[in-house]
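These are the residues of each chain, in order.
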Amino acid sequence: MFPLTDLGTVAGVAVLVAVLMQVVKQWLPSEWTAVGAVVLGVLLALLGTVALDVVGRREVVQAIITGLLGGASAIGIYQVQKPAGVLPPK
């Protein structure tokens, strides 16, 4: 069973996003996979915050940051920034 408190950690969000993205990526265009992972990470972290009933301005901002980092970690940070061209190719 997945403890709900794991949605408050980058690692917990990353694992759940990675699993869920494997399930849904067949229905997403490949260029939307990375963005979808980050959005899903934010949604899951916010959902965990609401479910634990610790909703305040600080907790919501922390959940958004945790979701961004968890989603980017799950899909690979390079895959997230690749369309923007922030980092040069190898």
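Residues numbered from 1 in each chain as written. Predicted model: local features only at pLDDT ≥ 70, side-chain atom pairs only at ≥ 80, totals over all residues. Heavy atoms only, no water.

### A short note on the overall build of the protein chain
Helices and strands together make up the secondary structure of the protein chain, namely 4 helices and 0 strands. Across the protein chain, helices and strands are ordered from the amino to the carboxyl terminus as α-α-α-α. Residues classed as buried in the protein chain amount to 26% of the 90 residues present. Sequence-distant contacts in the protein chain: of pairs separated by 6 or more residues, those separated by 24 or more amount to 61%. (Helix = DSSP H or I, 4+ residues; strand = E, 2+ residues; numbered from the N terminus. Buried < 20%, exposed > 50% of the residue type's maximum accessible area, 1.4 Å probe, protein only. Contact = heavy atoms within 4.5 Å.)

### As for the environment of Leu7
Residue placement: Leu7 occurs in the segment before helix H1 (10–24). Judged by relative accessible area, Leu7 falls into the buried class, the value being 7%. Leu7 sits 56 residues away from Ala63 along the chain, and the two C-alpha atoms are 8.6 Å apart.

### Quick look at the side chain of Thr49
Mapped onto the fold, Thr49 is located in helix H2 (residues 33–51). Filtering out sequence-adjacent residues up to four positions away, Thr49 remains in contact with Val54, Val55, Glu59 and Ala63.

### Description of unusual backbone geometry
Its identity is not glycine, yet Asp53 carries a phi of approximately 60 degrees, on the positive side. Considering the arrangement of structural elements, one finds Asp53 in the loop between H2 and helix H3 (57–75). Residue Asp53 is classed as exposed on the basis of its relative accessible area, which comes to 65%.

### Considering a nonpolar patch on the surface
Together, Val23, Val24, Trp27, Leu28, Trp32, Val35, Val39 and Leu43 line one region of the surface with nonpolar side chains, adding up to about 770 Å² of accessible area. Mapped onto the nonpolar patch, the elements with two or more residues apiece are H1 and H2. (Patch = residues over 30% accessible without salt bridge, like charges linked within 9 Å, V, L, I, M, F, W, Y side chains within 5 Å. Areas by Shrake-Rupley, 256 points an atom, 1.4 Å probe, with all protein chains shown as cover. Salt bridge = Lys/Arg side-chain N within 4 Å of Asp/Glu carboxyl O.)

### A look at the nonpolar core
Residues Leu7, Val13, Val17, Met21, Ala37, Leu44, Ala45 and Ala63 constitute the largest nonpolar core, which totals 8 residues. For this core, the secondary-structure elements that each account for two or more residues are H1 and H2. Each residue touching Met21, except ones within four places of it in the same chain, is listed here: Leu28, Thr33, Gly36, Ala37 and Leu40. (Core = buried A, V, L, I, M, F, W, Y, C linked by side-chain atoms within 4.5 Å.)

### Regarding the packing of H1 against H3
Relative orientation of the contacting elements H1 and H3 amounts to 50 degrees, with a least axis distance of 7 Å. The angle between the axes of H1 and H3 places the two elements in the oblique class. Here the hand of the crossing between H1 and H3 comes out right-handed. Contacts between H1 and H3 involve Val10, Val13, Ala14, Val17 and Ala18 from the first element and Thr66, Gly67, Leu69, Gly70, Gly71, Ser73 and Ala74 from the second. Its residues assigned to classes, the contact of H1 with H3 comprises 7 nonpolar, 5 polar and no charged. (Axes fitted to C-alpha atoms, helices over the stretch in contact; angles between N-to-C directions. Parallel < 35°, antiparallel > 145°, perpendicular 65-115°, else oblique. Left-handed = near helix turned anticlockwise from the far one by under 90°. Nonpolar A, V, L, I, M, F, W, Y, C, P; charged D, E, K, R; others polar.)

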